[in-house]
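Descriptive structure summary
Each chain, letter by letter, is given below.
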Amino acid sequence: LPMPVIGGYLAFIGYFCLEAGVALCIGKSMTTLSDWRYLLEPHSLLLATPGLLSAGLLTIISRKATNDALLPLTMVLIPATFYAVLFVSGISMGEARDNGWVGEVSPPVPVRDLLHLVDFNLVHWNLVGSCIGTWVGMVFVVSFASCLDVAAISMDMGEALDTNKEMVTVGVSNLMSGLLFGFTGSYIFSQTIFTYRTGCHSRYIGVFIMAAYLAVCVSTINILQIAPLFFLGATLIFIGYDLLWEWLIDIRAKIFFMEYCILLVTFVAIQIVGMDFGIVIGVIVALIEHVASTTRVSSMGRVMKRSRAVWSNDDWVALQTYGYNVNDPKIVTLEVKGPIFFGSSQKLLTDITDEIGLSISEEELKRIAFASPHHSTPHSSLRARRAKSPKETKKKTKLLSKQGCRPQFVVLDFSQMHNLDASAATSCFLQLAKMCEKRGILLCAAGAIPRVEWMLRSHNVTYGYDEEIQIKNDMLSSKNSNLKHGKVILFLTIFEALEFSERLLIERVTTKMPYERISCLQRGLSSTSTGFPHHQLTYIFLNVLRGDLNEEEKGVVDGIQSYYEEAEYQRGQTIFEKNTHPDAFYIVVKGEVAVPRDRIGSLPSMIRSGAGAVKIPQSLSSLNLLEIIGDDGEHKSVESFHKVGGIFGYCDFLLERYRSFDAVATSSSGAMVAVFTRANLNKMKRENAPLYVIVQQLLLRASLSDLANCTCHN
């Protein structure tokens, strides 16, 4: 249950104790709000005043005193003071009883009379059948109340309680009470809270209470006829004061305003409709508030990420100038977090369009909605949101008008979006894709979990598996590099989506084919047919460390061949496994290497739809359409890909800790990696210190690139 709901219940318990304590002081039953009129009677007010004041004194001492013995001592002094006043003033117990200060005298009841309370001859056995339903219902009601008491006491104590263990205690106690002709019940809530407030947390308290109850049962003296009623009422009022102050006053500084409103609603609802339905009303209000607050909080943010591809110097300059220009970036990455549902989809759509500078009119949104595959959905007529304020959007509008253009590629990172409903899929992402199509913006998404990807494909927000392959190939070809589309293009990882966007941008800027530009990295550059003066790994070093090396250091890099080994792996072959000793780091010189997610993140093979179980087909959102299969044949998600120039395994290697992930070759033609062992690095350090420094620079650059792509530090 939400904490404000439990807080409202605790406040109600405080009010109940206050009401019961006052009723005990004045000797009248108080069950409704109208019963407080008794205090308008002078005599009732006189009887209640000592109890109210004594409870106030106990409350102050329990909150302010530093000595644990002060509260019990005060509780002894209060009745002692009462008897002292009677003695000094010459008032007898009979006179005090007649004035309502102590209980009435009742005849003593011997213990053996308890046996006479049970007479099976008076039972109407024919009515047992009609009572079974009520009994079963009471089991659930009392169980719920007991669980609520456990949660409330746990919250009040600030300690976790074992609910099952506490429920067993209640059950055993009720069984023993019933067998001994007693009443059944749940927690004695007030006694539990009172004992905790005294500061004495010993189990001997329970033993003492059992002994005291047994003594009262055996004794022929009615304790109420000698004890001052205002003192007994003061103990209840003390608990009521404490709970009401803590859960209606002190709690205000610890929860949000809306949570405090939920607490008050629960407190009032319990007064009006009873505990069970009052709790239900509180939970419903809490759920509504949660949905409303979720729709107000943005689940989208712009992040600065780049692909892990190694580009030539000219291509890198093109990306710096156009793709990731600070004032006018052509590639924008947006991170979407949390669940996206019907309540938050409209705000998310507005936030994204504001971020990338799309102006949306109401007429345009209606046309987009009617153009969707679903012509009669509840969300077909989407309303355009008004601008929050002219001042709020003035700066962004001015900047966009100055730039004169929008980004050409928008990449959505879905890796932290763990749920998506049908309404959000159609009313947010489908409409966003169509708006981007009208403005020549390519909309990509990556990292979607299977249920999110299934939802997007089911509602035609993205292409089908086979069609997606063809679309990607066509867009990378010279014939259809500016292919019109009205859907989201899915990728397996964010780095693939960024590399795809970077290739297309470079092609548009330099009018070169992307495959021609990267062919120097995909084939062996040591071949004489290329005419390239450097070894392939040397080329990777120079492009990763561009600008950091002078001419002399570039010549030093040519000596790298003596300090690494090349290893070739077939498709699906493991390069290294998790939890193994790191004896080297690796650089991809040919093909591609994938890092699968842990077994915990293995993809489910089925999704439960409204029509029943749906088997998830092989995910083809990856550009090269590769999958990772575990030893048990289960499809696994991919954390990242490392293509030519990719450096991996260096963190565990440098920290000398066991491998934290697996690495598998995934290219259809296999993968070739340069292996830098610890022995070869030590040899390099002794024989060629300048080259060793360059290798350290390379690893530092790789670390910084990974850190820049990580949004956890934001």
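The coordinates are above.
What you see is a predicted model, and the numbers here were worked out from it, not measured in a lab. Residue positions within a chain follow its written sequence, with the count starting from 1. Given that this is a predicted model, residues contribute local features only at a pLDDT of at least 70 and side-chain atom pairs are listed and counted only at 80 or more, while totals for whole chains, interfaces and linings are drawn from all residues. Excluding hydrogens and water, the side-chain values take into account all heavy atoms of the structure.

Check the secondary structure of the chain and you find 25 helices and 17 strands. Three labels apply to residues, based on accessible area from a 1.4 Å probe with only protein chains included: buried if under 20% of the type maximum, exposed if over 50%, partly exposed otherwise in between. Per-residue burial over the chain gives 44% buried out of 714 residues. Should any heavy atoms of two residues lie within 4.5 Å, those residues are considered in contact. Within the chain, contacts between residues separated by at least 24 positions form 78% of all contacts whose residues are at least 6 apart in sequence. For the purposes of this entry, the term helix denotes a DSSP run of H or I that reaches at least four residues, the term strand denotes a run of E that reaches at least two, and both are numbered from the N terminus.

Moving on to the environment of Ala 69. Note that Ala 69 resides in the loop between helix H2 (42–64) and helix H3 (70–89). A sequence separation of 131 residues divides Ala 69 from Cys 200, and the C-alpha atoms of the two residues are 9.5 Å apart.

Every buried residue belonging to helix H24 (residues 678–687) is among Asn 680, Leu 681 and Met 684, and all of these are buried. Along the axis of H24, the buried residues cluster in a sector spanning 100°; they form a single face. Pointing more than 90 degrees away from the buried face of H24 are the exposed residues Ala 679 and Arg 686. Directions pointing from the helix axis toward each C-beta atom define the arc.

The subject of this paragraph is the pairing of strand S17 (residues 671–677). With respect to burial, S17 is a largely interior element, 7 of its 7 residues being buried. In this description, strands pair whenever DSSP reports at least two bridges between them. Across 5 bridges, strand S6 (residues 565–569) lies against S17 in antiparallel orientation. Within the sheet, the bridge partner assigned to Glu 568 lies in S17 and is Met 672. In the sheet, strand S8 (residues 584–590) pairs with S17 via 6 bridges, with the strands oriented antiparallel. If you follow Val 588 over to S17, its bridge partner there is Val 673.

What follows deals with the sheet that holds strand S14 (residues 638–642). Strand order in the open sheet formed by 4 strands is S7-S16-S9-S14, with antiparallel pairing between adjacent strands. In this open sheet, the two strands that pair with only one neighbour each are strand S7 (574–576) and S14. Averaged over all pairs of adjacent strands, the angle between their axes in this sheet comes to 30°, without regard to strand direction. Looking at chain direction, strand S9 (residues 593–596) and strand S16 (residues 663–665) are connected through 2 bridges and run antiparallel. In the sheet register, Ala 594 faces S16, and the bridge partner there is Val 664. Here the axes come from fitting lines to C-alpha atoms, over the contacting stretch only for helices, and the angles between their N-to-C directions go from 0 to 180 degrees.

In the sections that follow, a salt bridge refers to a side-chain nitrogen of Lys or Arg positioned within 4 Å of a carboxyl oxygen of Asp or Glu. Considering all chains together, one arrives at 19 salt bridges under this definition. Its salt-bridge partner being Arg 63, residue Asp 250 comes within 3.2 Å of it at the nearest N-O pair. Linking Asp 250 in the loop between helix H9 (229–249) and helix H10 (257–273) with Arg 63 in helix H2, this pair joins segments that are 187 residues apart in sequence. Note on Arg 63: relative accessible area 37%, which makes it partly exposed. Within this structure, Glu 453, Arg 457, Glu 468 and Lys 472 form a network of salt bridges that share partners.

Quick look at the sheet that holds strand S1 (residues 300–303) now. Strand order in the open sheet formed by 5 strands is S1-S2-S3-S4-S5, and the pairing between neighbours is mixed. The open sheet terminates on both sides in strands that have one partner only, identified here as S1 and strand S5 (489–491). Between one strand and the next, the sheet's axes are offset by a mean angle of 30°, whatever the strand orientation. In this fold helix H16 (residues 422–438) packs onto strand S2 (331–340), strand S3 (409–420) and strand S4 (442–446), with an angle of close to 175° to the strand it touches most, S3. Together, S3 and S5 form the strand contacts of helix H17 (residues 450–458), whose direction differs from that of S3 by roughly 120°.

The next point concerns the packing of aromatic side chains. For Phe, Tyr and Trp, rings pair up if their centres lie within 6.5 Å, where Trp contributes its six-membered ring, and each pair is then called stacked (planes under 30 degrees apart), edge-to-face (over 60) or tilted (otherwise). Considering all chains together, one arrives at 15 aromatic pairs under this definition. Ring geometry for Phe 414 against Phe 429: centres 5.1 Å apart, planes inclined by 70°, an arrangement best described as edge-to-face. Taken together, the residues span a long stretch of sequence, with Phe 414 in strand S3 and Phe 429 in helix H16 at a distance of 15 residues. Exposure class is identical for Phe 414 and Phe 429. Each is buried. One aromatic cluster is present, formed by Phe 82, Tyr 83, Trp 101 and Phe 230 through successive ring pairs. Two limits define a charge over a ring: the Lys NZ or Arg CZ must be within 6 Å of the ring centre, and within 35 degrees of the ring normal. The ring of Phe 495 carries Arg 308 above its face, with NZ or CZ at 4.2 Å from the centroid.

On to the packing of H24 against helix H25 (residues 689–708), then. Contact pair H24 / H25: the axes reach a minimum separation of 6 Å and the direction vectors enclose 130°. The pairing of H24 with H25 is recorded here as oblique in orientation. Contacts from Leu 681, Met 684, Lys 685 and Glu 687 of H24 reach H25 at Ala 689, Leu 691, Tyr 692 and Val 695. Residues are grouped as follows: Ala, Val, Leu, Ile, Met, Phe, Trp, Tyr, Cys and Pro are nonpolar; Asp, Glu, Lys and Arg are charged; all remaining types, including Gly, are polar. Here the residues of the contact of H24 with H25 are counted per class, giving 6 nonpolar, no polar and 2 charged. Orientation categories follow fixed angle ranges, with anything under 35 degrees roughly parallel, anything over 145 roughly antiparallel, 65 to 115 roughly perpendicular, and all other angles oblique.

Mapped onto the secondary structure, Ala 446 falls in strand S4. The sequence separation of Ala 446 and Val 488 amounts to 42 residues, and the corresponding C-alpha distance is 9.9 Å. When sequence neighbours within four positions are dropped, the list of residues in contact with Ala 446 reads Leu 412, Asp 413, Phe 414, Ser 415, Phe 491, Leu 492, Thr 493, Ile 494 and Ala 497.

Within the secondary structure layout, Asp 652 lies in helix H23 (residues 650–655). Given the relative accessible area of 2%, Asp 652 is considered buried. Any N or O atom pair separated by 3.5 Å or less is treated as a polar contact, with the protein-specific requirement of one donor-capable and one acceptor-capable atom, and with residues adjacent in sequence counted only for side-chain atom pairs. Of note is the side chain of Asp 652, whose polar atom sits 2.5 Å from the side chain of Arg 657. Reaching out from Asp 652, the side chain makes a polar contact with the backbone nitrogen of Ser 660 at a distance of 2.9 Å.

As a rule of thumb, nonpolar side chains are buried together in soluble globular proteins. We call a set of buried Ala, Val, Leu, Ile, Met, Phe, Trp, Tyr and Cys residues a nonpolar core when their side-chain atoms join them within 4.5 Å. Tyr 9, Val 22, Ile 26, Phe 238, Ile 239 and Trp 247 are the most contacted members of the largest nonpolar core, which totals 54 residues. Counting only elements with at least two residues in this core, the list comes to helix H1 (3–26), H2, H3, helix H5 (128–157), helix H7 (189–197), H9, H10 and helix H11 (275–296). With 14 residues, the single largest contributor to this core is H1. Counting 34 residues, the second largest nonpolar core, distinct from the first, contains Met 300, Ile 356, Val 410 and Leu 432.

In this section: the packing of helix H12 (residues 313–323) against helix H19 (residues 494–510). In a packed pair of helices, the relevant descriptors are the angle between the two axes and the axis-to-axis distance. Packing of H12 against H19 leaves a shortest axis separation of 10 Å and a crossing angle of 95°. Comparing their axes, H19 and H12 come out roughly perpendicular. Between H12 and H19, the residues in contact are Asp 315, Ala 318, Leu 319, Tyr 322 and Gly 323 and Glu 502, Leu 505, Ile 506, Val 509 and Thr 510, respectively. When grouped by side-chain class, the residues that make up the contact of H12 with H19 number 6 nonpolar, 2 polar and 2 charged.

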